[in-house]
Amino acid sequence: MRLHKKFGILFLSVFLVDIGGLSLVYHFQSLEKTDTAVVDASGRNRMLSQRIGFYAEQIVRKRSEEAKAELQMAIDLHDISFYALKNGGIASGIANDVLLPPTPKDLLPVVLASEELWQQYKERAGVIVREPTVINGETNPQVVAAIDFIEKNGSEMLRKNNEMVAAYVHRSQRKHRNILVIFSAVILIFVITAGFISYATRRSILQPLQRLGIGIREIETGNLDYCIDIKTENEVGDLARSFNEMAAKLRTSYSSLREKVREAEREAENVKKFYEAAEAAAEQIIITDADGGILYANKAAQQITGFPVRDMIGKRPSLWGKQMSSAFYATMWKIIKDEKKTFHGEIKNRRKDGREYVADLYISPIFDANNNVKFFVGIERDITKEKELEKLRVDFLALASHQLCTPLSGIKWLIDTLNRTILGPVTPRQKEYLHQIYRINERMIKLVFDMLNALRLDSGVTAAKREKLSVAALYGEALVMMEPAAKDRGVVLRNAVGKRAGMMMETDAAILRNILECFVSNAIQYSNSGQEVILDAQEDAAGITLSVQDSGIGIPAAEREKIFERFYRASNAKKMRPDGSGLGLYIAAMLAKRIGAAITFASEEGRWSSFRVCVPLWAG
Amino acid sequence: MVRVLVVEDEDFLRQALQDNLESDGCTVDVASHGEEALERLRAERPALILLDLLMPKKDGFFVLEEIRKNPEWSSIPVIVLSNLGGDTEIKRAMEMGADDYFVKSQHPIEEVMEKAKEYFAGRKGTTRRPAAE
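Now for a look at the structure at hand. (Residues numbered from 1 in each chain as written. Chains lettered and ligands numbered in written order. Predicted model: local features only at pLDDT ≥ 70, side-chain atom pairs only at ≥ 80, totals over all residues.)

**What to know about the overall build of chain A**
Scanning chain A from N- to C-terminus turns up 14 helices and 16 strands. Burial status across chain A gives 27% buried among its 620 residues. When contacts within chain A are restricted to residue pairs at least 6 apart in sequence, long-range pairs at least 24 apart make up 61% of them. (Helix = DSSP H or I, 4+ residues; strand = E, 2+ residues; numbered from the N terminus. Buried ≥ 20, exposed ≤ 12 C-beta atoms within 10 Å, placed from the backbone. Contact = placed C-beta atoms within 7 Å.)

**Details of the packing of helix α1 (residues 3-62) of chain A against helix α2 (residues 67-87) of chain A**
Residues and elements named next belong to chain A. Direction vectors running N to C along α1 and α2 enclose 150°, while the axes themselves pass 9 Å from each other. As the angle between them shows, α1 and α2 are arranged roughly antiparallel. Of the two elements, α1 crosses α2, and the hand of that crossing is left-handed. Tallied by class, the residues present in the contact of α1 with α2 amount to 15 nonpolar, 6 polar and 4 charged. (Axes fitted to C-alpha atoms, helices over the stretch in contact; angles between N-to-C directions. Parallel < 35°, antiparallel > 145°, perpendicular 65-115°, else oblique. Left-handed = near helix turned anticlockwise from the far one by under 90°. Nonpolar A, V, L, I, M, F, W, Y, C, P; charged D, E, K, R; others polar.)

**So, the interface of chain A and chain B**
On the chain B side, the residues contacting the 20 residues of chain A number 19 residues. Among the elements of the structure, α9 (384-419) and α10 (428-459) of chain A are those that each provide at least two residues to the side of chain A that touches chain B. Examining the composition of the side of chain A that touches chain B, we find that 11 residues originate from one element, α9 of chain A, more than from any other. Partitioning the side of chain A that touches chain B into residue classes produces 10 nonpolar, 6 polar and 4 charged.

**Details of the packing of helix α12 (residues 509-525) of chain A against helix α14 (residues 584-594) of chain A**
Residue and element names in this part refer to chain A. α14 packs onto α12 with a crossing angle of 150° between their chain directions and a minimal axis gap of 9 Å. In terms of orientation, α12 and α14 fall into the roughly antiparallel class. In this structure, α12 meets α14 at a crossing whose hand is left-handed. From α12, I511, N514, I515, C518, S521 and N522 reach across to α14, where they touch G584, L585, I587, A588, L591, A592 and R594. Counted by class, the contact of α12 with α14 contains 8 nonpolar, 4 polar and 1 charged residues.

**Some details on the sheet that holds strand β9 (residues 373-382) of chain A**
Residue and element names in this part refer to chain A. Pairing is antiparallel across the open sheet formed by 5 strands, whose spatial order is β6-β5-β9-β8-β7. Since the sheet does not close on itself, it has two edges, and those belong to β6 (294-297) and β7 (343-350), each with one partner. Across the sheet, the axes of successive neighbouring strands diverge by a mean angle of 25°, strand direction being ignored. Note: β7 against strand β8 (residues 356-367), 8 bridges, orientation antiparallel. Bridging from a neighbouring strand, I347 pairs with A359 of β8. (Pairing = 2+ DSSP bridges.)

**Some details on unusual backbone geometry**
Residues and elements named next belong to chain A. Unlike most non-glycine residues, N136 shows phi in positive territory, near 60°. With respect to the helices, strands and loops of the structure, N136 is situated in the loop between β3 (134-135) and β4 (138-139). The exposure class assigned to N136 is exposed, which follows from the 7 C-beta atoms found within 10 Å. For F567, which is not glycine, the phi torsion reads 70° and is therefore positive. A tally of 12 C-beta atoms within 10 Å means that F567 is categorised as exposed.

Put into structure tokens, the structure is as follows:
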């Protein structure tokens, strides 16, 4: 049962029992008063009946006239009391004139028995009061008769009155007993009710509350698996169930919270790793907001720029920049902010102490969920020393190569001159020797020329041009250029473009020609006599792809990754032609990068190779 | 007789050029550096100049500049013969008024002779003016 109902009923019954008890007490008190009055009234009658006898004797025997009034008063009092006792009413002078109840039926015979005698007794006493006691010196015979009756029946009257008193007292005592029983019952009910309430309270409230308390303490100390075992179907049970549910919810959210905390810890560990790595990096690492305000700078940034990190925060990288043309910065911002791409370039900066340095700079935009730039990460490496060394190296090699070219071109031209026979005839054997020397010299020239080319590309000076160029024109020129070499090796050059020759490209013609010549030259050199070299071209959405395919020695699968490396030569190519420079494809790849073209190739060792360069459609 | 001025610091190259030109019937003046070249020019006006670039004392670029500055010589065709094969050098020489540019190691001497003939046969005068003018 629900507690509030249970307590409602309990309290209602306690209230009713209390009210009943109180009204009983009240009722009992008023009964007690009435009973006392009844007993008093009957007691007084007993006394009055004796007094009537006494006064009557006084009047008759001692001729006391004064006693007549006393006698009359005693008669009246006795009469009033008697009828008040019998019929209910007020017995004057008794217990503040309490209203007496009529005599109950069971006592009525006693009263009626007394009444009959009282009527005669009252009549005789009345005669004594009313009639003259002495008539003519003689005692009035009427009076004598009356006094005789009273004297004769005085004891009987007293007995009857005594019986009445005894009856009333007896009755009152019985009533007392009954009230005592009722009181005992009421007290018993009180005790039982109190015991029951105490028991019910203990069972349905106190014990569950205690268990609830233990459970709450368990949950408090972190034992979320604790289940409070209260099955009671009342508010405390509800509370326990709520606590169990709460503990279960806590358990779930606590374990997910713990998982989240662990995740956060791992994340923090990761972030810490990145932070430490960034701090320890030799490269300058800068993080800026979308407008270039510096949010983070690592230690290397301080070393490279000379500005303390705290001076950089909130400032812009122009603190040490501003050394390049405004066009440079405009392009840089366009790439990172508008195109949202990574910028890579060499940049000249100025240290805090005024010294200039060259850096290799990467700036990458980092995006938020909506693809807006959240911040930029700039990574800069001080390459001043490398640049200086590189320049020394390039200068040295350029000069050395040039100094090599001069004697080589001297040999070339002197042999030319001899061959022209302007200095006199040359014998066939001499001519053969001259031809061999010429070939060796040409090899040297090619090597030096390739080296020079590579060096020039390495230092990356001239920008690519933009010219309109048809595939037909390019291939026509290339075929004319390469025909002598092909003929020399007995290789057939074939232009397979046919009708598609009208395709137009927009690129740097000289660079593209160089790339194509490299492909064709390789194809001729690594083919055998009688084999074909096929030039073709395809156009698609990406651009125009030029291809040069041979049926030559191919490239070993294991070496394919290396063939664009400087001075690298495939093993089978070295065997076939020991004199190559290993620079052809390296140069071609660098040239392709310069015009935004991509070189790809496919090959099967011993069967064929196909090199392709994809010239992109000119964007913009 | 066509007069050709050969400006070249390397003896063997100068010799080869002189021999070839003379066998083709030219009169050849030679100079082994820039200052000598200008002396020769002042002494005799050639119909064609073959000019090396890297030379001691004054280099080929200086000589070329002097030739194009001087109204008397500005119409003389100049063929640059150099082992500087870079785009920047070629571009610079052409902009300064060279009529042709040969990277010595890349061309047989016959090609140079053929080109020279085109000029001194009178078929071709200089069309070059320095870019600055």
